[in-house]
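# A structural walkthrough
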Amino acid sequence: MNTKLLEKQNEKFYTAKYDRAFKEIFLNEKNEELLLAVLKESLHTEIMKVIQRNIELNSGNVFIRRKYLDILLETEQGLIGIEINSSVEDYLHPRNLAFQCDNYAHYTLVGQNYTEDVQIIQINLTYGMKDEELVRKYFIQDKTGKVYAKNFQIIEWNMDKLMEFWYDKDEEKIEEYKHLIMLDLSKEELEMLAKKDREVEKYMKEVEKINQDPKFREYMTKEEDQKKIYNTQMSKAFHEGISRGFLQGEKENQETIAKRMLDKGKEISEIIEFTNLSKEEIEKLK
């Protein structure tokens, strides 16, 4: 067999399980119907209109790193953030909560007053949870159920549990959650599901398109390599810092990661991307 053809066949197929692929497809304005379909299944309610309010809008440049929440949307249900977690690490929930609390603080202060008028909803689509529950909803409340803040909730979907419906050929559940299940199906599986649904067919075409983009594949290959380094360093730094208190430890974690990346000869631009430290802060660590 032709070597180039064999290499092509063995190429990794990046699904929307990957943060970058999800953003490139679902933050594209022409794919709004796909985003609405995912929101409807995630929230069990119809969303009629969305306005992107994420800090870094989709620019068509896959090399731009979105620094904070993956997606922030204004809807009639409130402000909705979406976070794609392709794996579970020890620091995942504390890190995500830090971002979400920053977002909550920003959008609940109106003028000189704090308000609960705007619902702040965070949707986590998480793989690798090892949980028996399909979806968990978190609120800030005490053991009696008294809610501390009425307009803040986190909805975390167990994406592996959803995938079990597909592998078990549970037709009823597949129909109910097809737009969440489609996010991590292979090309062949998507072709099967797309026969029954127009949105799935459109998603299939979009995910195939980005996988054929050389710049996207170059970015993903590089990002996966860096993520392995980052996950290892973040995990170590998290455990080193947590005993000193989360807020202090979080800052020290980032500095520890930066030092290790400097030792490995990583570029400052890469270190900024993975630690959120400023160029000046990293220069001081040299």
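Quick look at the structure, then.

Definitions and limits used
- Residues numbered from 1 in each chain as written.
- Predicted model: local features only at pLDDT ≥ 70, side-chain atom pairs only at ≥ 80, totals over all residues.
- Heavy atoms only, no water.
- Buried < 20%, exposed > 50% of the residue type's maximum accessible area, 1.4 Å probe, protein only.
- Helix = DSSP H or I, 4+ residues; strand = E, 2+ residues; numbered from the N terminus.
- Pairing = 2+ DSSP bridges.
- Salt bridge = Lys/Arg side-chain N within 4 Å of Asp/Glu carboxyl O.

## Some words on the pairing of strand β8 (residues 152-158)
Counting buried residues in β8 gives seven out of seven residues, a clear majority hidden from the surface. Burial along β8 is two-sided: F152, I154, E156 and N158 and Q153, I155 and W157, pointing in opposite directions, are all buried. With seven bridges connecting them, strand β6 (residues 120-126) and β8 associate as parallel partners. Bridging from a neighbouring strand, I120 pairs with F152 of β8. Looking at chain direction, strand β7 (residues 135-139) and β8 are connected through five bridges and run antiparallel. Within β8, the position partnered with Y138 by the bridge is I154.

## Focus on the pattern of salt bridges
Tallying each qualifying case throughout the model produces 15 salt bridges. Here R198 makes a salt bridge to E33, at a shortest N to O gap of 2.9 Å. Highlighted residues: R198 in helix α8 (residues 198-211) and E33 in helix α3 (residues 32-43), separated in sequence by 165 residues. For R198, a relative accessible area of 55% puts it in the exposed group. Overall, E33 belongs to the partly exposed group, its relative accessible area being 26%. Taking the shortest distance from any N to any O, the salt bridge between D131 and R136 comes out at 2.6 Å. Using a relative accessible area of 18% as the deciding quantity, one classes D131 as buried. In the salt-bridge network here, residues are joined through shared partners; they are E33, R198, E199 and K202.

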